[in-house]
Amino acid sequence: MSHLLTILTALPALGAAIALMTGNRARIVALLSGVASLVLAVWIWHGIGSDGAMHFVESSAWVPALRIEYHLGVDGLGALMLLLSSIVSLMAIAASKKTMAQPGLYFALVLLLESGLFGTFTALNFFHWFLFWELSLIPAFFLIKLWGGKGRGPAATQFFVYTMVGSVALLLAFVALFNATGSMDFEVLTRMAASGELATAIQLHLGPVALWMALGVLLGFAVKVPLMPFHTWLPATYSEAPTPVTMLLTGAMSKMGVYGLLRLALPIFGTQLARMRTELLVLAVLTVVAGAWAAAAQRDLKRIFAYSSINHLGYCLLAVFAVALPGSGSQLSQTAALDGAVLQMFNHGLTAAAIFWFLSLIEERSGGLLGIDDFGGLRKPAPVFCGLMGVALFSSLGLPGLNGFVSEFLIFRGVFPLSWLSATISVLGLLITAAVILTVIQRVFTGPLPARWVAFPDMTTNERLALAPALVLMLVLGLAPQLVAGTVNATVVHLLAGWRF
């Protein structure tokens, strides 16, 4: 039995323990741990076959009296999320300042958060999975609370309360599920749902509560993504958190919600979610369009891209909920929609993390200013900076040739035959996003150069080298998406074959 997934999950936790004791050298420890995790995640990705099944499976009795197993495994979806988490975590560590208060504690919390992400994307038993789901919440709270901006206290509290409410709803639903079935294993529950045995067991032991259980699971993931109207914690949290922490929140943690929908909600409660298909599609369209519209109304760059993140993840929700339409379209359309959703999770995580890294550099150079009207003409003193940030911005816009275009194209290709009205209205999100990104470029990079920014520093060699891999990856995945799409497609086909709506 391979233990690669256990090693990967434990590696950042071990790095956190060492970082906590090394003080000012904690950043070096964190970088080394991040690089090692990335190498192992790449190894796991290359070890995933093209059959869409689980690989690197680990299974052993943990608490036999409660039928709890230590059960790990990854398919193309899980392996891609491991790769994304390791990339974004390393970017966040590299973007963190070398000098800060309590560096040992800061980098230990970042690494502990990375370990929580790895555990969430590999666990196949709810008990084990929920531990890591909550583990990621705790370090994120303290990172915001201790190193955030002036409003960090209320922002951290709001983030914690919203996420905890969702977690409680998840826990209650799965405790009820365990009482009805005697199992917490995702694969067992998925097979029971596909055969109809799950619905029978719930009705027999608990009564007509399956829909309420599905709503509890949905709430837990809706808060995490977030799905409107459960999004109000996000703008303040992203704005007040240290920018490297915001990179982790938007680049990796928000994907936990979409992952949960694909790994738990649809496979286990697909029949119940299909009964709410119209309402869910309305909320997904609202998330896409209103998220983009709210971004257009902001004057702070971090809040602009906070709302833009809601908009981009709304496309994932649109695809997921469209697929939950029973008998609504061909398998080809369902596959294309979910291929796009999975790729969008990776592409948005990479692009959003890079954009917030650029915002961190602007913040450092400007003494903390991030208003869209505070700048102008920066391409003159900092042409390399503006050019490289422009690549990330155009990727977020969905420019053909960059990674963002591929995933959004697949989502609309799949959703339109399944729900043409939802897809048509959601196109407004693309148009508004384009206007928002172009406005940022116009206001920040072009126009008259204020006198105080004449000496605005361009990117250093180290900064260029640090950001280059992410930008190159955006271009490579835009021109050769098949490097990832093949494995993703095999996983999606395998997932759809086991779902019942």
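Higher on the page you've got the structure.
Residues numbered from 1 in each chain as written. Predicted model: local features only at pLDDT ≥ 70, side-chain atom pairs only at ≥ 80, totals over all residues. Heavy atoms only, no water.

K.L.:
What is the right way to read the overall build of the protein chain from this model?
P.N.:
Secondary structure assignment for the protein chain yields 19 helices and two strands. Here the C-alpha atoms of the protein chain give a radius of gyration of 22 Å, agreeing with the 23 Å that 2.2 N^0.38 yields for 501 residues. Counting only C-alpha atoms and orienting by the principal axes, one finds that the protein chain spans roughly 75 × 55 × 40 Å. A buried classification covers 61% of the 501 residues belonging to the protein chain. Counted over contacts in the protein chain with a minimum sequence separation of 6, partners at least 24 positions apart contribute 81%. Summing over all exposed atoms, the protein chain offers an accessible surface of approximately 18,200 Å²; the carbon and sulfur share of this is 68%. In the protein chain, 25 positive and 20 negative side-chain charges are present, and the distance between their average locations comes to 8 Å. (Helix = DSSP H or I, 4+ residues; strand = E, 2+ residues; numbered from the N terminus. Rg over C-alpha atoms; globule rule 2.2 N^0.38 Å. Buried < 20%, exposed > 50% of the residue type's maximum accessible area, 1.4 Å probe, protein only. Contact = heavy atoms within 4.5 Å. Areas by Shrake-Rupley, 256 points an atom, 1.4 Å probe, with all protein chains shown as cover. Lys, Arg positive; Asp, Glu negative; His and termini not counted. Charge placed at Lys NZ, Arg CZ, Asp CG, Glu CD.)

K.L.:
What should I look at first to understand the pairing of strand β1 (residues 55-63) in this one?
P.N.:
Successive residues of a regular strand alternate their side chains across the two faces of the sheet. Alignment of β1 against strand β2 (residues 68-74), held across six bridges, turns out to be antiparallel. Directly across from V63, in β2, lies its bridge partner I68. The antiparallel pairing of β1 with β2 creates a hairpin that spans four residues between the two strands, and R67 there sits at a positive phi of about 60 degrees. (Pairing = 2+ DSSP bridges.)

K.L.:
Would you explain the packing of helix α5 (residues 126-147) against helix α11 (residues 243-275) in this entry?
P.N.:
How two helices pack is summed up by the angle between their axes together with the distance between the axes. The N-to-C vectors of α5 and α11 enclose an angle of 160 degrees; their axes lie 12 Å apart at closest approach. Classified by the interaxial angle, the pair formed by α5 and α11 is roughly antiparallel. In this structure, α5 meets α11 at a crossing whose hand is left-handed. Of the residues in α11, those in contact with F126, W129, W133, S136, A140, L143 and I144 of α5 are V245, L249, M253, M256, Y259 and L264. (Axes fitted to C-alpha atoms, helices over the stretch in contact; angles between N-to-C directions. Parallel < 35°, antiparallel > 145°, perpendicular 65-115°, else oblique. Left-handed = near helix turned anticlockwise from the far one by under 90°.)

K.L.:
Just checking my understanding: could you explain unusual backbone geometry for this structure?
P.N.:
Trans peptide bonds make up the majority, and among non-glycine residues the majority have a negative phi. A cis geometry characterises the amide bond from V225 onward to P226, with omega recorded as 0 degrees. The topology assignment puts P226 in the loop between α9 (210-224) and α10 (233-240). Put simply, M228 and P229 share a cis peptide bond, and its omega is 10 degrees. Within the element layout of this structure, P229 appears in the loop between α9 and α10. Look at F56: it is not a glycine, yet its phi comes out positive at around 55 degrees. Structurally, F56 is set in strand β1.

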